[in-house]
Amino acid sequence: MSVRILALVGSLRAGSHNRQLAEAAVKLAPEGAEVELFEGLAEIPFYNEDIDVEGTVPAAAAKLREAANAADGLILFTPEYNGTIPAVLKNAIDWLSRPYGAGALSGKPVAVVGTAFGQYGGVWAHDETRKSVGVAGGKVLEDVKLSIPGSVTRFAETHPADDAEVAAQLTEVIARLHGHAAEPAAA
């Protein structure tokens, strides 16, 4: 049985290092794990209960929920914007948190990783993302972390998939997420 892992990227920039990191995750997924990179976060409107009505949920938000519902776990790739989580990723978490108590994140294992230019690799954003996912009902893997500093110089000429240290660390994150996602749900 293959474990399906949905990857969400908090940067909309086509050449972002976090997107490249997510592409590396797709490429490096160990046997038995399939990482799917979700496309379309930019099209999802800001969460608003007035438009989150059964039968009229915006198509882009419905597509996100369907992808998350079909996944066994999620991996979120986030840069750090002004010391915190990018709005596009927070918005995705908000849509996945509803309906309250039964959202697409509910009980699913979630790992948060990423890279940023600063010396700490975006840890503030990663911590804020873990907090938001936990409140939204996801099973945050607090001990599965990867924050890669110095993205602008480290990945200036090297794709994350071709950086041996990053590839090994990312493969370990996916393997650990795979292990949690493959566990039978608690009765």
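Criteria and thresholds
- Residues numbered from 1 in each chain as written.
- Predicted model: local features only at pLDDT ≥ 70, side-chain atom pairs only at ≥ 80, totals over all residues.
- Heavy atoms only, no water.
- Phe/Tyr/Trp six-rings, centres within 6.5 Å; stacked < 30°, edge-to-face > 60°.
- Helix = DSSP H or I, 4+ residues; strand = E, 2+ residues; numbered from the N terminus.
- Buried < 20%, exposed > 50% of the residue type's maximum accessible area, 1.4 Å probe, protein only.
- Lys NZ or Arg CZ within 6 Å of the ring centre and 35° of its normal.
- Polar contact = N/O pair within 3.5 Å; in protein donor to acceptor, adjacent residues only side chain to side chain.
- Pairing = 2+ DSSP bridges.
- Axes fitted to C-alpha atoms, helices over the stretch in contact; angles between N-to-C directions.
- Contact = heavy atoms within 4.5 Å.

Counted by the stated rule, this structure contains one aromatic pair. Judged by centre distance (4.7 Å) and plane angle (75 degrees), the ring pair of Y47 and W95 falls under edge-to-face. Of this pair, Y47 sits in the loop between β2 (33-37) and α2 (59-70) while W95 sits in helix α3 (residues 87-96), and the two are 48 residues apart along the sequence. The class of Y47 is partly exposed, set by a relative accessible area of 22%. Seen from the ring of F38, K63 lies directly overhead, with NZ or CZ sitting 5.4 Å from the centre.

For S16, the location among the structural elements is in the loop between β1 (3-9) and α1 (17-28). Here the side chain of S16 touches S11 through a polar contact of 3.5 Å, side chain to side chain.

All right, on to the sheet that holds strand β4 (residues 109-115) then. Hydrogen bonds between backbone groups are what pair the strands of a sheet, and the pairing can be parallel or antiparallel. Ordered in space as β2-β1-β3-β4-β5, the five strands form an open sheet in which the pairing is parallel. In the strand order of this sheet, the two ends are held by β2 and β5 (139-148), each with one partner. When the angles between neighbouring strand axes are averaged without regard to direction, this sheet yields 20 degrees. In this structure, β1 lies alongside β2, joined through five bridges in parallel fashion. Within the sheet, the bridge partner assigned to R4 lies in β2 and is E34. Each of β1, β2, β3 (73-77), β4 and β5 is contacted by α1, which is oriented at about 150 degrees to β2, the strand it contacts most.

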